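Residue strings, one per chain:
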Amino acid sequence: MSTPRNPAAAPTLGHSLKYLAIHLITPLLMCLGMALAYQGAFHQPEPHHLKVAVVGTTPQAQGLAQAIQGKAGSALDVRTVDDRAAAEQQLRDRDLVGAFVPDAKSPELIVAKGNSDTSVVAATAVFTNVTDQQGVPLHVTDLTTPAAGDPTGQGLFFLLVALSIGSYASVAVIGAAGAGLSMAVRALVGVAVSLAVSVIGIVTAGPVFHVVDHDYAAIWALGWLYSAGIVLIGIGLHSFLKKWTTLALMVLFVMLNFTSSGGIYRPELQNGFFGGLHGFWTGAGFLEGARSIMYFDGGAGLGGHVVTLLVWLLLGGAALVAAAMYEGRGRRPVETPAEAEEEMEEAVAV
């Protein structure tokens, strides 16, 4: 008579709860990070040195500029410009948010909404107060023409979101499913994936939704640079961080990236931390570069934005070299199939 086999002992309640708690750390950290980042960046938009101008060289124009500056304090940076042509040039160079042309009967505010619609709203509110005191309506003239499918000018920001998610979600798949490949092969796969992401981005933003209605090649090239930087940085970090890579990339390319990109509020409406990040973070490089191409004929600092994207791409290359050296010393982390599958599911979920 055979002895019955004892079934494997079921995990104790304490062990199961500990296992569950460990796996809840990542989503809770994501929740905390998103709450801090998004609420910290967007909860109280206020002007900080919002650059506006009064057009004219008369004592009345200079007096109006001084009165507005004195009342607004550090919220505004008010100057005078000699004439309308000079004001329009500074708007096209993105050195101004709005230029006010005084007139007793028909005052005008000249803006460039392609720079930032929310900043234009803030400038309009300032000069509406001026014309309300005069008892006359304010006429607003926009020097930029929105794309057919993007009347609010927010579409490029949503393109940024799509490129970002496609890029960092791919990293977990490459790092986990491609764990057996050499670093060089993984890097080549990353470049190919970033190309695919950028093509999907420009096709959907262009012919499908008409958020981009000209200069497709230039916007696509910016998108590829942007995506490649994220993917290569992620592949490099994966060698060190393994299952924590997705959280790290969310911090870098969602929490800090979307909030500092200028897609919702540009630096003049944000606090110093996120406004400061805007000067060198990769999302701002893509978004402001795309705006320069779309609305300002490739001027207005496009070269600097391209440099920003190239620097992040070089950081990706440096991350790959460091990871290759790390793995070459026999320190390459090995994930179990369960860990790899969990990591991929987590990346896709977020």
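Quick note: structure is the one above.
So, how was this worked out
- Residues numbered from 1 in each chain as written.
- Predicted model: local features only at pLDDT ≥ 70, side-chain atom pairs only at ≥ 80, totals over all residues.
- Heavy atoms only, no water.
- Axes fitted to C-alpha atoms, helices over the stretch in contact; angles between N-to-C directions.
- Helix = DSSP H or I, 4+ residues; strand = E, 2+ residues; numbered from the N terminus.
- Parallel < 35°, antiparallel > 145°, perpendicular 65-115°, else oblique.
- Left-handed = near helix turned anticlockwise from the far one by under 90°.
- Contact = heavy atoms within 4.5 Å.
- Pairing = 2+ DSSP bridges.
- Right-handed = clockwise from strand over helix to strand, strands pointing away.
- Salt bridge = Lys/Arg side-chain N within 4 Å of Asp/Glu carboxyl O.
- Buried < 20%, exposed > 50% of the residue type's maximum accessible area, 1.4 Å probe, protein only.

Following both chains from N to C, one finds helix α7 (residues 216-241) and helix α8 (residues 245-255) inclined at 140 degrees, their axes separated by 9 Å at the closest point. Between α7 and α8, the angle falls in the class oblique. With respect to the hand of their crossing, α7 and α8 are arranged in right-handed fashion. Across the interface between the two elements, Ile230, Ile233, Gly234, Leu237, His238 and Leu241 from α7 touch Thr245, Ala248, Leu249, Leu252 and Phe253 from α8.

In space, the five strands of this open sheet follow the order β2-β1-β3-β4-β5, with mixed pairing throughout. The outermost strands of the open sheet, each flanked by one partner alone, are β2 (76-81) and β5 (139-142). Along the sheet, successive strands turn relative to each other by an average axial angle of 25 degrees, direction set aside. Examined bridge by bridge, strand β3 (residues 98-101) and strand β4 (residues 108-111) share four bridges and lie antiparallel to one another. Bridge pairing in β4 places Ala99 opposite Ile110. Contacts between helix α2 (residues 59-72) and the sheet are confined to β1 (50-55), β2 and β3, with β2 contributing the most and set at about 175 degrees to the helix. In the packing of helix α4 (residues 117-134) onto the sheet, the strands contacted are β1, β2, β3, β4 and β5, and the crossing angle to β1 comes to about 40 degrees.

Looking at chain direction, β4 and β5 are connected through four bridges and run parallel. By the bridge assignment for β5, Leu109 is matched with Val140. Taken together, β4, α4 and β5 constitute a β-α-β crossover, and its handedness is right-handed.

Attention now moves to the pattern of salt bridges. Scanning the model with the defined rule gives eight salt bridges in all. In this structure, Arg84 engages Glu88 in a salt bridge whose closest nitrogen and oxygen atoms are separated by 3.0 Å. Here the residue Arg84 and the residue Glu88 both occupy positions in helix α3 (residues 84-92), the gap between them amounting to four residues, near one helical turn. Arg84 sits in the partly exposed class, given a relative accessible area of 32%. Taking relative accessible area as the criterion, Glu88 reaches 17% and is therefore assigned buried. Ionic pairing is found between Glu288 and Arg94, a salt bridge with its closest N-O pair at 2.4 Å. One end of the pair, Glu288, is in helix α11 (residues 282-295); the other, Arg94, is in the loop between α3 and β3, with 194 residues separating them in the sequence.

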